[in-house]
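Letter by letter, the chains look like this.
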Amino acid sequence: MALTATAELLTDASRRGAGLAAFNVLHLETAEGIVAAAEAGGFPVVLQLSENAVKYHGALEPIALACIDIAHAAAAPVAVHLDHAESEELALRAVELGFGSVMFDGAALDYRDNVAATARVMRRAHAAGVAVEAELGRIGGKDGAHAPGVRTDPGEAARFAAETGIDALAVAVGSSHQMAERTAALDLDLIARLHAAVPVPLVLHGSSGVPDDLIAAAIRAGMTKINVSTQLNRHFTAAVREYLRAHPDTVDSRRYLAAGRDALRAEAQRLGGLIAGV
Ligand SMILES: [Zn+2]
């Protein structure tokens, strides 16, 4: 229970052939809703903060320390992860703060620079007992620069994992970040080939665009960590919008944020249960 190492949750899920829900924290209410969902649903969860979320808050520490504190107090196993850090400095700061894992996103670099930068982050992270996730093959959508047709090559992924010694690998298999609808088609055959070729747990980014049955099929094919942000955001914002429509004179921001948090919690519990297979 409580704050748990990401590596432990990844290993456990991967041994059981289950998924590990990794939900993005945008602000305090998201973290509270996600952890309440994990406690009620009886599954482990990864709270993840992206470099973009850190930019929104203007600093890593306040929101990161809040997440770590919420994880400590949780009645479910909760890991804290830094998602999509393109800055080595930010990744190292998260290591110092006590995160269970960091994702160093060197996908914009060429292969050799990505290996070198990932290895630098790895040395510092592993010395502190922190796991590292890396990405190979740009996952589309995030900055509009990459077509959803991008795929990770299993041979290159195996070589990258061996050369860097990473703990988890984000792969491009058809999903795309920030999809408005859940209509993505995943290449399940490629997932199975990546799973056979790569000895570390695989990470699916952009899972908000993937329908439930396909998330379950991706886990069966060998995916472990399932990253979800937009889908939870969608439920949060719809509830806030509905609350303000029904109560147009509201002044106290806690009223509509609580409605958002409740809706997010319900969807996180439903989706987290599906991912964990509980
Ligand atoms: Zn991502």
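Everything below is about the structure printed above this text.
Overview of the structure. (Residues numbered from 1 in each chain as written. Predicted model: local features only at pLDDT ≥ 70, side-chain atom pairs only at ≥ 80, totals over all residues. Heavy atoms only, no water.)

1. Focus: the packing of helix H8 (residues 188-197) against helix H9 (residues 212-221)
At a minimum axis separation of 8 Å, H8 and H9 run at an interaxial angle of 30°. Here H8 lies roughly parallel to H9, going by the angle between them. The crossing of H8 and H9 is right-handed. The residues of H9 that touch H8, namely those facing Leu188, Ile191, Ala192 and His195, are Leu214, Ala217, Ala218 and Ala221. In terms of residue class, the contact of H8 with H9 is built from seven nonpolar, one polar and no charged. (Axes fitted to C-alpha atoms, helices over the stretch in contact; angles between N-to-C directions. Helix = DSSP H or I, 4+ residues; strand = E, 2+ residues; numbered from the N terminus. Parallel < 35°, antiparallel > 145°, perpendicular 65-115°, else oblique. Left-handed = near helix turned anticlockwise from the far one by under 90°. Contact = heavy atoms within 4.5 Å. Nonpolar A, V, L, I, M, F, W, Y, C, P; charged D, E, K, R; others polar.)

2. Points about the layout of surface pockets
Looking at the largest pocket, its volume works out to about 440 Å³. Every residue lining the largest pocket is counted, 25 residues in all, and those nearest its centre are Asn24, Leu26, Ser50, Gln178 and Ser229. Within the residue set of the lining of the largest pocket, elements represented by two or more residues are strand S3 (45-50), helix H3 (51-57), strand S4 (77-85), strand S9 (223-228) and helix H10 (230-246). The element contributing the most residues to the lining of the largest pocket is H3, with three residues. Taken together, the residues of the lining of the largest pocket sort by class into five nonpolar, 18 polar and two charged. Each pocket or cavity is described by its volume, and for the second largest pocket that value is around 150 Å³. Along the wall of the second largest pocket there are 15 residues; nearest its centre are Ser14, His195, Gly222, Met223 and Thr224. Broken down by secondary-structure element, the contributors of at least two residues to the lining of the second largest pocket are helix H1 (6-16), H9 and S9. Tallied by class, the residues present in the lining of the second largest pocket amount to nine nonpolar, five polar and one charged. (1 Å grid on protein atoms, 1.4 Å probe; cavity = no way out; pocket = protein on both sides within 12 Å on 5 of 7 lines; lining within 4 Å. Points joined across faces, edges and corners; volume = space filled by probe spheres on them.)

3. Focus on the coordination of the zinc ion
For a metal bound by four donors in a tetrahedral arrangement, the ideal donor-metal-donor angle is 109.5 degrees, while six donors in an octahedral arrangement ideally sit at 90 or 180 degrees. Within the first shell, the zinc ion binds the protein through His84 (NE2), His177 (NE2) and His205 (ND1), at distances of 1.9 to 2.1 Å. The sequence pattern describing where the donors of the zinc ion fall on their chain is H-x92-H-x27-H. With His84 in strand S4 and His205 in the loop between strand S8 (202-204) and H9, the pair connects residues that are 121 residues apart, well separated along the chain. Residue His84 shares its accessibility class with His205, and that shared class is buried. (Donors = N, O, S within 2.8 Å, 3.2 Å for Na, K, Ca; no water. Buried < 20%, exposed > 50% of the residue type's maximum accessible area, 1.4 Å probe, protein only.)

4. Thoughts on H10
Its 17 residues give H10 an end-to-end C-alpha distance of 24 Å, which sits within 8% of 24 Å, the value for a rise of 1.5 Å per residue. For H10, the complete set of buried residues consists of Gln231, Leu232, Phe236, Ala239, Val240 and Tyr243. (Expected span 1.5 Å × (residues − 1).)

5. A closer look at helix H7 (residues 154-164)
Burial in H7 covers these residues: Pro154, Ala157, Phe160, Ala161 and Thr164. Angular distribution of buried residues about the axis of H7 spans 120°; they occupy a single face of the element. Of the surrounding secondary structure, the elements contacted by the buried residues of H7 are helix H6 (111-127), strand S6 (131-136), strand S7 (168-171) and H8. The N-terminus of H7 is capped by Asp153, whose side-chain oxygen sits 3.3 Å from the backbone nitrogen of Gly155. Once H7 ends, the next one or two residues include Gly165, with phi positive near 75°. (Arc of directions from axis to C-beta. Polar contact = N/O pair within 3.5 Å; in protein donor to acceptor, adjacent residues only side chain to side chain.)

6. Description of the pairing of strand S5 (residues 101-104)
Burial along S5 is two-sided: the face carrying Ser101 and Met103 and the face carrying Val102 and Phe104 are both buried. For the crossover from S4 across helix H5 (residues 88-97) to S5, the handedness is right-handed. The sheet contact formed by S5 and S6 spans four bridges and is parallel. Residue Ser101 lies in a different strand from S6, and its bridge partner there is Ala131. (Right-handed = clockwise from strand over helix to strand, strands pointing away. Pairing = 2+ DSSP bridges.)

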